[in-house]
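# Observations on chain architecture
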4 protein chains.
Amino acid sequence: MSKKLKTGIIGLGRIGQIHLSNLLYHTPGAEVVIASDVSATAHEAAKKAGISATTSAGEVIVHPEVEAVIICAPTPQHVPYTIAAAEAKKHIFCEKPLDVTVADIRSAQKAVADNGVKLMLGFNRRFDPNFLRVRSLVKTGSIGDPHILRITSRDPAPPPLEYVKVSGGIFLDMAIHDFDMARYITGSEVKDVFVKGNALIDPRIKEYGDIDTAVIVLGFENGAVGVIDNSRKAVYGYDQRLEVFGSKGMAKAENNTENNVVQYNGESGISALPLHFFLERYENAYRTCMQTFVDCVLENKPSPVDAHDGLMATAIGIAAGISLREKRTVAIEEVL
Amino acid sequence: MSKKLKTGIIGLGRIGQIHLSNLLYHTPGAEVVIASDVSATAHEAAKKAGISATTSAGEVIVHPEVEAVIICAPTPQHVPYTIAAAEAKKHIFCEKPLDVTVADIRSAQKAVADNGVKLMLGFNRRFDPNFLRVRSLVKTGSIGDPHILRITSRDPAPPPLEYVKVSGGIFLDMAIHDFDMARYITGSEVKDVFVKGNALIDPRIKEYGDIDTAVIVLGFENGAVGVIDNSRKAVYGYDQRLEVFGSKGMAKAENNTENNVVQYNGESGISALPLHFFLERYENAYRTCMQTFVDCVLENKPSPVDAHDGLMATAIGIAAGISLREKRTVAIEEVL
Amino acid sequence: MSKKLKTGIIGLGRIGQIHLSNLLYHTPGAEVVIASDVSATAHEAAKKAGISATTSAGEVIVHPEVEAVIICAPTPQHVPYTIAAAEAKKHIFCEKPLDVTVADIRSAQKAVADNGVKLMLGFNRRFDPNFLRVRSLVKTGSIGDPHILRITSRDPAPPPLEYVKVSGGIFLDMAIHDFDMARYITGSEVKDVFVKGNALIDPRIKEYGDIDTAVIVLGFENGAVGVIDNSRKAVYGYDQRLEVFGSKGMAKAENNTENNVVQYNGESGISALPLHFFLERYENAYRTCMQTFVDCVLENKPSPVDAHDGLMATAIGIAAGISLREKRTVAIEEVL
Amino acid sequence: MSKKLKTGIIGLGRIGQIHLSNLLYHTPGAEVVIASDVSATAHEAAKKAGISATTSAGEVIVHPEVEAVIICAPTPQHVPYTIAAAEAKKHIFCEKPLDVTVADIRSAQKAVADNGVKLMLGFNRRFDPNFLRVRSLVKTGSIGDPHILRITSRDPAPPPLEYVKVSGGIFLDMAIHDFDMARYITGSEVKDVFVKGNALIDPRIKEYGDIDTAVIVLGFENGAVGVIDNSRKAVYGYDQRLEVFGSKGMAKAENNTENNVVQYNGESGISALPLHFFLERYENAYRTCMQTFVDCVLENKPSPVDAHDGLMATAIGIAAGISLREKRTVAIEEVL
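On a predicted model such as this, the values are computed, not experimentally measured, just so you know. Numbering of residues starts from 1 in each chain and follows the order in which that chain's sequence is written. Think of it this way: whatever chain is written first is A, whatever ligand is written first is 1, and the rest follow in order. Reporting in this predicted model follows two pLDDT cut-offs: at least 70 for local features of residues, and 80 or more for side-chain atom pairs to be given and counted; totals over whole chains, interfaces and linings ignore these cut-offs and use all residues. Each side-chain value is worked out from all heavy atoms of the structure, with water and hydrogens disregarded.

## Some thoughts on the relation of the copies chain C and chain D
Each copy of the sequence occupies a distinct position, and chain C is placed on chain D by a rotation of 180° and an axial shift of 0.0 Å, giving an RMSD of 0.0 Å. Classification of the inter-copy transformation places it as that of a two-fold axis. When C-alpha distances to the rotation axis are compared across chain C, the minimum falls at R328 of chain C, with a value of 3.3 Å. Every residue pair with non-hydrogen atoms within 4.5 Å of one another is taken to be in contact. The overlap is high: 100% of the interface residues of chain C also sit at the interface in chain D, so the same surface is used on both sides. Copies overlap after least-squares fitting; the atoms used are the C-alpha atoms of residues with pLDDT of at least 70 in both.

## A word on the packing of helix α5 (residues 102-115) of chain B against helix α12 (residues 307-326) of chain B
Residue and element names in this part refer to chain B. Axis angles are defined between N-to-C directions and span 0 to 180 degrees, where every axis is a line fitted to C-alpha atoms and, for a helix, only to the segment in contact. Numbered from the N terminus, helices here are DSSP runs of H or I no shorter than four residues, and strands are runs of E no shorter than two. At their nearest, the axes of α5 and α12 sit 10 Å apart, and the two run at 180° to each other. Taken as axis vectors, α5 and α12 run roughly antiparallel relative to one another. Contacts between α5 and α12 involve V102, I105, R106 and Q109 on the former and, on the latter, A307, H308, G310, L311, T314 and I318. Grouping the amino acids of the contact of α5 with α12 by side-chain chemistry returns five nonpolar, four polar and one charged. Between 65 and 115 degrees an angle is taken as roughly perpendicular, under 35 as roughly parallel, over 145 as roughly antiparallel, and anywhere else as oblique. When residues are sorted by character, Ala, Val, Leu, Ile, Met, Phe, Trp, Tyr, Cys and Pro go into the nonpolar class, Asp, Glu, Lys and Arg into the charged class, and all the rest, Gly among them, into the polar class.

## Describing the packing of aromatic side chains
The geometry of two aromatic rings is summed up by the distance between their centres and the angle between their planes. Stacked, edge-to-face and tilted labels apply to pairs of Phe, Tyr and Trp rings (six-membered ring for Trp) whose centres lie within 6.5 Å, assigned for plane angles under 30 degrees, over 60, and everything in between, in that order. Considering all chains together, one arrives at 32 aromatic pairs over all chains under this definition. For the pair Y264 of chain A and Y236 of chain D, a centre-to-centre distance of 5.8 Å together with 40° between the ring planes defines the contact as tilted. Within this pair, whereas Y264 of chain A is found in strand β13 (residues 262-264), its partner Y236 of chain D is found in the loop between β10 (225-231) and β11 (239-246), the two belonging to separate chains. Residue Y264 of chain A shares its accessibility class with Y236 of chain D, and that shared class is buried. With a centroid separation of 4.9 Å and 80° between ring planes, the pair formed by F277 of chain A and F278 of chain A is classed as edge-to-face. Judged by relative accessible area, which is 22%, F277 of chain A ranks as partly exposed. Using a 1.4 Å probe on the protein chains alone, a residue whose accessible area is under 20% of its type maximum counts as buried, one over 50% counts as exposed, and one in between counts as partly exposed. Using a relative accessible area of 15% as the deciding quantity, one classes F278 of chain A as buried. Chaining the aromatic ring pairs together yields one cluster made of F131, Y238, F277, F278 and Y282 of chain A.

## What to know about the relation of the copies chain B and chain A
With an RMSD of 0.0 Å, the operation that places chain B on chain A is a rotation of 180° combined with a shift of 0.0 Å along the axis. Most of the interface of chain B is mirrored in chain A, where 100% of its interface residues again form contacts.

## Brief notes about helix α11 (residues 283-298) of chain A
For an α-helix, 3.6 residues make a turn, and residues three or four places apart therefore share a direction. Residues and elements named next belong to chain A. Helices are assigned an expected span. That span is 1.5 Å times one less than the residue count. Compared with the 22 Å implied by 1.5 Å per residue over 16 residues, the 23 Å span of α11 between its first and last C-alpha is a close match. What α11 keeps buried is the set A285, Y286, R287, C289, M290, Q291, F293, V294, C296, V297 and L298. N300, located one to two residues past α11, shows a positive phi value of around 50°.

## Thoughts on the sheet that holds strand β2 (residues 30-36) of chain C
Residue and element names in this part refer to chain C. Criterion used throughout: strands pair if DSSP finds at least two bridges between them. Strands sit in the order β3-β2-β1-β4-β5-β6 across an open sheet of six strands; the sheet is parallel. Whereas interior strands pair on both sides, the edge strands pair on one side only; in this sheet they are β3 (52-54) and β6 (119-121). Averaged over all adjacent pairs, the angle separating strand axes in this sheet is 25°, with direction ignored. Relative to β6, strand β5 (residues 91-94) runs parallel, the two being bridged by three bridges. Considered in β6, the bridge of F93 is made with M120. Contacts from helix α4 (residues 78-87) reach β1 (5-10), β4 (68-71), β5 and β6 within the one sheet, and its direction differs from that of β5 by about 165°.

## Considering the pattern of salt bridges
A side chain of one charge can pair with a side chain of the opposite charge when the charged atoms of the two come close. Salt-bridge detection follows one rule: a side-chain nitrogen of Lys or Arg within 4 Å of a carboxyl oxygen of Asp or Glu. The final tally for this structure, using the stated rule, is 100 salt bridges over all chains. Across the pair K252 of chain D and E254 of chain C runs a salt bridge, and its minimum N-O distance is 3.3 Å. With one member in each of two chains, K252 of chain D in strand β12 (residues 249-253) and E254 of chain C in the loop between β12 (249-253) and β13 (262-264) form a pair that bridges those chains. With a relative accessible area of 22%, E254 of chain C lands in the partly exposed category. Note that D178 of chain D and R125 of chain D form a salt bridge whose closest N and O atoms lie 3.1 Å from each other. Of this pair, D178 of chain D sits in helix α9 (residues 176-186) while R125 of chain D sits in the loop between β6 (119-121) and α6 (129-139), and the two are 53 residues apart along the sequence. Here the two residues D178 of chain D and R125 of chain D agree in accessibility, since each one is buried.

## Digging into the confidence of the model for chain A
Per-residue confidence for chain A gives a mean pLDDT of 95; residues scoring 70 or more make up 99%. Listed scores for the predicted complex are pTM 0.95 and ipTM 0.95. A score between 0 and 100, pLDDT records how confident the predictor is in each residue.

## Structural notes on the interface of chain C and chain D
Each partner contributes to the interface: chain C provides 39 residues, whereas chain D provides 39 residues. Joining two parts hides part of their accessible area as seen by a 1.4 Å probe, and the buried area is that hidden amount summed over both. Summing both sides of the interface, chain C and chain D together bury roughly 3100 Å²; the carbon and sulfur share of this comes to 63%. Counting the surface chain C buries against chain D, the share from its top three residues, R150, K196 and F245 of chain C, is 18%. Across the contact surface, chain C and chain D share 10 salt bridges. Linking D229 of chain D and R150 of chain C is a salt bridge whose minimum nitrogen-to-oxygen distance equals 3.6 Å. Where the side of chain C that touches chain D is concerned, the elements lending two or more residues are β7 (146-154), β8 (190-198), β9 (213-220), β10 (225-231), β11 (239-246) and β12 of chain C. Grouping the amino acids of the side of chain C that touches chain D by side-chain chemistry returns 14 nonpolar, 13 polar and 12 charged.

Listed below in structure tokens is the structure:
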């Protein structure tokens, strides 16, 4: 197939610019027609690449050449833009989370289905070569029936308190990636969730009803048990590992490091830290993610990360929040 | 100090013979005077080493030359023998668990205190070189305040169902080592416990009210959170790892393997499995453990693993059982 | 500095296209004005990127806008184009080796010096993050005085025999990268060389006076000893490792792998192979290499890999060939 | 087989005491009858174990109960004691090297053959679990035809100069283990040797015609090439690694470390050093080695390390010395 997919980008913040650059330079089947951002100063990147820029998201959505929109706006606008794009019969790539409420996600889901367009969510970690390999080992049965899933997901530094206030909390802002990963790796739905956590890094986070250190236990439909540990501050960098243990064996994915050199002196061996943060760690994953979206539209394949995936990740996040407040196991169906 | 500690061993089963061999060949400050076992056929090992053997534990305890008894009898006899030995003014090394009830442990604790003897419990894993190193990093502050503790503890194969029936359950039989390790590594008491588990390996285990796959969440007094994952059957061998994450960094201990050779062919890299089971993995730990007991008596130092340690490990195990049955977080003080 | 360096590329083969893509998408300070290739069918890549294409290298060199030429033509044309570009007052990036004779390299060196232009050679491996780290540890004195250098450099598969015939032999075609690396890592000149090798993979290679398996011993001016082992065929992929051992310690760089997942089943641990070949392994190194060239011109800094570096790498290669034929240690000054 | 092998030990220095302890405590089929040492103060260890001690090696050899002698005396006495023991029809375990001259080794070889006794040499490294695994992979054909062998063998600290003077030089004192390992791992004879080395750690070593840093190239009969790198001083500990590369893949054995904990702080990952020296690294190998000797006598199996092995290791060492002095490749047959 030689046809190219014509895309428009909504939102040119940090993540929008990553997608722009990947669409331009690393996604053979894609073209970028237009990009929007509310701030005109963000248009620089678009101009540099020879692309029209606008302050109106609507203009991107209705642009006659645009076949697919890439939604990188703030979370509250994800659902409105998704619905508008679906109604304009445009395919949609939307950043995570689709939304923080079940009802709004279902509206978007309906709009997508009614209009027969494709929706893919930006759960980029699914496309990390390490996690892809673990998923593949589970899928082909090499691990047997999954019994225990362990995810470690720790950020190098907490976001500003200003951001924490509006972030939706650690579960919908940070752990939501891990909830998606849990479903993706095991291939099983999560039935219930239990949280034990605390504000150990910055006690002020508690004032917003949030925590910065969490251990989250997931019960899966197939009887397996999952555990996620999150921290907002790992001084040694971005810690992203996982392990799945099953009846036939185990597979684990480790961090990627800045280099693999080990130095030995008279005291110890010395090695490099994990890659600092998500831009470095998931650089390739972002590219594969965008390539996958473009391929799925061009070749009319089902979206590998659809609205249901968005719904479930958000639902687990909401249930985790209830578990934290009410100190009990919460069934996912309570919030669906 | 050149004096030798004269010991007597009660119980010459698998673990009793390990301690016998270590006392004879790897513990410079120790002598073995006498050993007992109810089965006369178990006396072979004692005879081979030129040591008196008897079928009476009491004979060992009251033997005039014996200064310290090594209790390797079945669990229900730990407390009675401990009390008898304490009253006979003998120092005591006792296998874990000290007992499965709080009341009985307290009786033993009282007898030990009243008679001014030393009691050390056989939590051998504390003496594993990897775990010793992690403990030392925590103690010296290299990790900062501990925030998250992760223990993986998986056996290569489940015990016979006959044994499961009388074992006291996965928490008091298997995870009790991990409960002790959690307190040891963090240097903090456990406040509450939550369990999520299942019988995924052998459903018949459920009939005994037990499980074979568990994720256990521990709340520590200092606010840290711990998580233990247990399985009765890891097909790749004995999986014994842990990691502590804190404000200044992280330390993790991996499995020891049969060898460290990596082979590469056209398909993959191939490496050895973890050491098969506890005899291989903890061979050195058992030696250091016994040496430590002998040193602590000869040099009149406090026992590094005392009755309080035994009490707390058992209490967490009892609380974990309640959590499993009642599907809720259980405070340790509920069972104390 | 906001000015951009205007470049022209000579040769659009495999390596030429890599440099083109990196100049276009990954080198902020560069522009590509024109590219040449003798085969018009190779112009597709240039056209796709909106760049003029020509069949005449001379046209690139004399193009009034071109400030720097990127020479990716076959080796015999490296020196003629370098001299022509120098005389046209253009800065030069030239692929390795600069040439296979000392005399011709010296002509190029003279032309570059006489015309006050910059010349940088494409020893891309110097820019690999692992090797950069080792170099930095040596340079800062962390390793102390280097005593032993070990380089492993093995290709996944031998080139076609047709290519072997004209390649200049394993030393000038393949090991030349390792000769440069040896000088780079140690920061010391090579004084003499000794080779022990054989044709173990394909005996027909012997007919061309060449070998496919080599151990090369280097004597350094500072007394250190280096050893390189080369093979034309490692079935497990591209094997690129090195280690430097000195008075204060050791540092070693390992292979990068396709992913870092380790799977354990009942038989063994299973891990991924090294990245397949140089395009994958040195993807980042190629980018940093080109960025470094552009920076060195724009900021008028000395070339980090100059004609002297090219001369020495070739001289060691020539001496290695003599050592193989004459079965003796050969001093580098014999060939200079 | 329940019969025990009655042994006598000649020499109770460091290595003699290791063998004594292993024969007593870790070699089920062995008994120790008597031990000799010229210094009566060394008899302490024997007395502690309840064994007769003497200052006369001859007394051990002719002791009527002794079936096998363990020769741990200084090298010059190896051949005389071996011949005396052979003539007394005693089986012999002798420390390495058997001797430093070809003629004397051949005398010993003849005496052993003429008297129909077994001789096993103490090349303990052959019994290291890592090297055993590599050997097994080569033997079963998993690596294919060996092409390149790499051995790294570095001591933590040089011996006293007094010792260097009488040691026979780095090749016969230190590298002889590596020469044996080279033949053992590849299963092929060494045809020629080339040495490049220097005195980089202590220039005074040169005064004795010796070096402290060496790269040794071995040509094997099957066309493979081997390379050994030796240093008398690795500040990070005892560095003992090897790698074999062949037509079907590669296998490498790494160092064993004090523990496997990795600590991460804001600066780097920190890991433990290799085990300090041979007593720690080869603790298990020494045990397996002695067990193998005892088994080979009791079960009348051929010695796995016989006089021919001793001859070849010494011959390579002698040839290496000539190569160092004459700066050329030396064929092993020159010295046989």
